[in-house]
Every structure is written in structure tokens, then in C-alpha cells.
Amino acid sequence: MPIRRTNRTPLVFVPGMFGSMSSTIIPFYEPFIQLLQQMGYQLHVDLFIAYYDWRQRIPDIVDTYLMPVLNKARRVTGAARVHLICHSMGGLVARGYVQSRHYQDDVDQLILLCTPNAGSPSNYRYWTGGTLESDWEASENIVTMAMNSYLDNLKHDNPENPLEAVHTLFPSLHEFVPAKDYGDYLVIGCDNAMRFVPYRTMQIQNAFLDRLNAGRSIIYHRGIRVTLIAGIGTRTVQFLRMVQGSMNNGEPHGASVWRTINSDAGDGNAMVSSVFVLEGDKHLVEGNHMQVLLRSEFILRSKLI
């Protein structure tokens, strides 16, 4: 393939969970791709999409999916560096690369939209197989609906041990439970004696994000410019309160039922505080997890054009 030199740094877009699967992108990202094209980027010329299997562990996604796309973008354009623009899980995939020993000094900017850099509590419930209180209104959006649908199908196909199926077939889910930098997030006890479960005592921790966040300074030492864009104003799960079940050595024992404790300081999936765990140029955008993509146009134009 001949080199197509351009006057701009090529752009690699890394979508979020459920956003792509190997070679196709889900339609709800199409308006965002069109926005990037309106900025002058051309698909396969200086705009490339990192499709990936979001069920795999993030280090495996980096090796199998992201690095080949980065190599292709540099090979096709002749550029030494690219910009990485990432949504949600895509930001963790990008961090898994730029903070790794495999990094090839080929990223100029890292732009993260709605990336839960410290994890999110809803994923703890999914990972442990807990349910929400039947009369409790959960925050519904396209991501939670996709998650619930996928997990329901997974459990339906593996009725003998549905939780083992989730852990085996969807291992990346564990990399989204809250990390140390999120803070304590599980509430137990009766109304007049509620208390948080200390993260340090929990068996289910996020070793992947804990390592990533402990080494976050390498991003800046490697000269990568970071932009963080967080959504705000949408009801988001901040804490989980156990209303049925018990904790045994920092882990749910038996069937557990949870109630969400919500905050408007998020986008419906990621709390602002989780997105802003990294240092960088920080922006708040009113909108939910998907709305933020198009509503960040003015920020993206200032960074990319």
C-alpha cells in the first residue's frame, strides 16, 4: 500500500464497550465518525478505527487489535505519531498501550471521552452476579441496556453456572470494577448503622486499573498530551448499598441484592471523579455517556484542527 502523506497528524479512534466487534462499528458511533470527517479527516487516509473484541482482557486487546491499527496508520500516512481519540472503554485500551513496555513513541495526543479511569460501581454488581432491588429504578441508557442484554443471553446459554460463564467469556468486565482511586463504594448495614466496606479489605479489586493508575505519570514522561472530557448532569451510580445478602471476607456471600446511590456528577455510566483521575486538560460537558461525543465538538476542533 503506497504512503499517503498528509499535512495533519493521523487520527485513530478507539470506541467504547459494545462499540465494535472485530471489523464493524455499531451504528450509534456513526454520527461521531461523520463529525470527524466534517473536520476534514478521511477514513483509511488519515482516520483509522481500532475495532476490537471488547470481551477480551485489555492487554490482549492492545496486542491483537490496537497495535496493528497504529502500525497501519503510521505506515499508510508516513507519520511518526498519531492522535488517539477514545470513548469509554477505548480510553482504557489506549492507556493499556501508552503505559506499556510495548509503547513505540508514536502517540502525540490522548483524548479520552467519558473513560472511567477509576472504574464504575455498576460493573461490580455485574461481575458478582448481584441484582437490583425489584422496585428500585435503575439508571437506563444504551450502555446499561446493552450490558444487561448481553449478560442475560450469556447466563441463559450457561444455566448451570452463569456467573462462571461471565467470568470466563467476558473477562474484561473485571477491569471495570472500581479501583483504589475510586474510593470506597460498597455500603452495608442497616439504616442507623451503615458503613462503607474498605477497598483494602475487598477480595474483588481491580488489579489492572490499580497498576495503571499507580504508573500514570509515565504518560506525561513520554510527552503525550492528555485531554479529559467528562459528562455531567445525568444520574449516575456512585455507590452500591447492599439490601439483601451478606459480605464474607470482603466479598458477597450468596445471592446479593443492591440499591444504587446516585449522583448527577456523571454521564450515566462514569462519574466525573473517575474520568478525572488522570492529569490533563479537563473539560466538563453537559450530557450523557453518548451525547458527550457530539457535544464535545468545539473541544475536539480546538485540539485537532
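Residues numbered from 1 in each chain as written. Predicted model: local features only at pLDDT ≥ 70, side-chain atom pairs only at ≥ 80, totals over all residues. Heavy atoms only, no water.

Caption draft 1: Just the pattern of salt bridges, in detail. Summed over all chains, the structure comprises nine salt bridges. Arg301 is paired through a salt bridge with Glu297; the nearest N and O atoms lie 2.8 Å apart. Of the two residues, Arg301 and Glu297 both sit in helix 11 (residues 297–304), four residues apart, roughly one turn of that helix. What makes Glu297 partly exposed here is its relative accessible area of 29%. (Salt bridge = Lys/Arg side-chain N within 4 Å of Asp/Glu carboxyl O. Helix = DSSP H or I, 4+ residues; strand = E, 2+ residues; numbered from the N terminus. Buried < 20%, exposed > 50% of the residue type's maximum accessible area, 1.4 Å probe, protein only.)

Caption draft 2: The packing of aromatic side chains, seen in detail. In the structure shown here, the tally under the stated rule is twelve aromatic pairs. Geometrically, the ring pair formed by Phe28 and Tyr29 is tilted, given 5.1 Å between the ring centres and 50 degrees between the ring planes. By relative accessible area, which is 27% here, Phe28 ends up partly exposed. Taken together, the aromatic side chains of Phe13, Phe28, Tyr29 and Phe32 make up a single cluster linked through ring pairs. Over the ring of Tyr41 we find Arg8; its NZ or CZ atom is 4.2 Å from the centre of that ring. (Phe/Tyr/Trp six-rings, centres within 6.5 Å; stacked < 30°, edge-to-face > 60°. Lys NZ or Arg CZ within 6 Å of the ring centre and 35° of its normal.)

Caption draft 3: Summary view of the sheet that holds strand 7 (residues 131–132). Strand order across the open sheet formed by five strands is 7-12-11-8-9, with mixed pairing between neighbours. Each of the sheet's edge strands pairs with one partner strand only, and the pair in question is strand 7 and strand 9 (195–196). (Pairing = 2+ DSSP bridges.)

Caption draft 4: Representation of the packing of helix 2 (residues 58–77) against helix 3 (residues 89–98). Viewed as axis vectors pointing N to C, helix 2 and helix 3 meet at an angle of 85 degrees, and their least axial separation amounts to 9 Å. Taken together, the axis directions place helix 2 and helix 3 in an arrangement best described as roughly perpendicular. In contact with Ile58, Ile61, Val62, Leu66, Met67 and Leu70 of helix 2, helix 3 contributes Met89, Leu92, Val93, Ala94, Gly96 and Tyr97. Among the residues making up the contact of helix 2 with helix 3, the classes are represented as eleven nonpolar, one polar and no charged. (Axes fitted to C-alpha atoms, helices over the stretch in contact; angles between N-to-C directions. Parallel < 35°, antiparallel > 145°, perpendicular 65-115°, else oblique. Contact = heavy atoms within 4.5 Å. Nonpolar A, V, L, I, M, F, W, Y, C, P; charged D, E, K, R; others polar.)

Caption draft 5: The arrangement of the state of the cysteines in detail. All chains considered together, the criterion is met by zero disulfides. Between Cys86, a free cysteine, and Cys114, which holds the nearest cysteine sulfur, the sulfur-to-sulfur gap is 12 Å. We classify Cys86 as buried; its relative accessible area is 0%. Judged by its relative accessible area of 0%, Cys114 is buried. (Disulfide = S-S within 2.5 Å.)

Caption draft 6: Highlighting helix 3. Among the ten residues of helix 3, ten are classified as buried, and the element is accordingly described as predominantly covered. Along helix 3, the residues classified as buried are Met89, Gly90, Gly91, Leu92, Val93, Ala94, Arg95, Gly96, Tyr97 and Val98. Along its buried surface, helix 3 packs onto strand 1 (11–14), helix 2, strand 5 (82–87), strand 6 (107–113), helix 7 (207–214) and helix 8 (217–221).

Caption draft 7: Fine view of the nonpolar core. Grouped together as the largest cluster of nonpolar side chains are 75 residues, with contacts concentrated most on Val12 and Leu84. Looking at this core element by element, the count peaks at ten residues for helix 2. Apart from residues lying up to four places away in sequence, Leu84 is in contact with Val12, Val14, Leu66, Leu70, Ala94, Val98, Val107, Gln109, Leu110 and Ile111. Formed by 23 residues, the second largest nonpolar core is a distinct cluster that contains Leu11, Ile49, Val292 and Leu293. (Core = buried A, V, L, I, M, F, W, Y, C linked by side-chain atoms within 4.5 Å.)

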